[in-house]
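Letter by letter, the chains look like this.
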Amino acid sequence: QAAEAYRQYLETKPGDRAWALLQQGRSLNGAESWEPAAKALTDALAARPAEDQRLQALYFRSFALAGAARYPESLADLRAIDSTPQSLRGQAVKEDEFRYRFAVAKIRAGDWAGGQIDLKAFVNAFPQSPLLVDARDRLALKGVVIVVGRARDSAAAKALVADARLKGFTAEPVQGPRDQLV
């Protein structure tokens, strides 16, 4: 619904194109509509937004691309953000969130060692981050894996495993520090 509201807003305020498309992409991400979100955010970037909006569009497009299992492209967006001076980047995205997402994107794109190094650096640099537990969960994994779900109990984990296996994946639950990863 929010994505539609931003589309309608865009019709009445074409001068706010980059901003409206950025908001539309974020809304579509929230609805897990990955490909439409990626398109809206790509369109936002094409509209030549201000630098903070450009960084946000890249950041949120990286979420959409990861959700669509387009990991190398997601990582490329995060690398573009990383090449921006931290003083500018910090105005657009929270540094702890960015560092965590960048490490995870490396792992998903196949750079296991680089992602693990970045996660360890994240744990040391951001001991108060709300993402600290997630980072520790990922550091507990001892091999290249794809986490497709998180479950609070064994019944929910079994359901996620069954769903993954129906889709042709090898899956098993792994106990993390606070819940089960599948």
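As a starting point, this report considers the structure included with it. (Residues numbered from 1 in each chain as written. Predicted model: local features only at pLDDT ≥ 70, side-chain atom pairs only at ≥ 80, totals over all residues. Heavy atoms only, no water.)

Quick look at the overall build of the protein now. On a plain count of helices and strands, the protein comes out with 10 helices and three strands. Reading the protein from its N end, one meets helices and strands in the order α-α-α-α-α-α-α-α-α-β-α-β-β. Evaluated residue by residue, the protein yields a buried proportion of 42% over its 182 residues. Of all intrachain contacts in the protein linking residues separated by at least 6 positions in sequence, the fraction that spans at least 24 positions is 46%. (Helix = DSSP H or I, 4+ residues; strand = E, 2+ residues; numbered from the N terminus. Buried < 20%, exposed > 50% of the residue type's maximum accessible area, 1.4 Å probe, protein only. Contact = heavy atoms within 4.5 Å.)

Strand pairing in a sheet relies on backbone hydrogen bonds, with the paired strands running either antiparallel or parallel. A sheet is described by the order of its strands in space; here three strands give the open sequence β1-β3-β2, paired in antiparallel fashion. The open sheet has two edge strands, β1 (150-151) and β2 (174-175), and neither has a second partner. One ladder, built from two bridges, connects β1 with strand β3 (residues 180-181); its direction is antiparallel. Pairing of R150 across the sheet is with L181, part of β3. (Pairing = 2+ DSSP bridges.)

Between helix α7 (residues 95-108) and helix α8 (residues 112-125), whose axes approach to 7 Å, the crossing angle comes to 160 degrees. It follows from the interaxial angle that α7 and α8 lie roughly antiparallel. Read as a crossing pair, α7 and α8 show a hand that is left-handed. Between α7, through D96, R99, Y100, A103, K106 and I107, and α8, the contact on the second element is made entirely by W112, G114, G115, Q116, D118, L119 and F122. In terms of residue class, the contact of α7 with α8 is built from six nonpolar, three polar and four charged. (Axes fitted to C-alpha atoms, helices over the stretch in contact; angles between N-to-C directions. Parallel < 35°, antiparallel > 145°, perpendicular 65-115°, else oblique. Left-handed = near helix turned anticlockwise from the far one by under 90°. Nonpolar A, V, L, I, M, F, W, Y, C, P; charged D, E, K, R; others polar.)

Our focus in this paragraph is the nonpolar core. Nonpolar side chains tend toward joint burial in soluble globular proteins. By size, the foremost hydrophobic cluster in this structure holds 18 residues, and its most contacted members are A57, Y59, L78, I81 and F98. Listed by contribution, the elements that provide at least two residues to this core are α2 (17-30), α3 (34-46), α4 (51-67), α5 (71-82) and α7. Leave out the neighbours within four places in its chain, and F98 touches Y59, L78, I81, D82, R89 and V93. (Core = buried A, V, L, I, M, F, W, Y, C linked by side-chain atoms within 4.5 Å.)

If you check helix α10 (residues 154-166), its first and last C-alpha atoms are 18 Å apart, about what 13 residues at 1.5 Å a residue would give, namely 18 Å. Inspection of α10 places A157, V161 and A164 among the buried residues, and these make up the whole buried set. Down the axis of α10, the sector holding all buried residues measures 65 degrees, keeping them to one side. With respect to the buried face of α10, the exposed residues turned more than 90 degrees away are A155, K158 and L166. In this fold, the buried residues of α10 make contact with β1 and β3. (Expected span 1.5 Å × (residues − 1). Arc of directions from axis to C-beta.)

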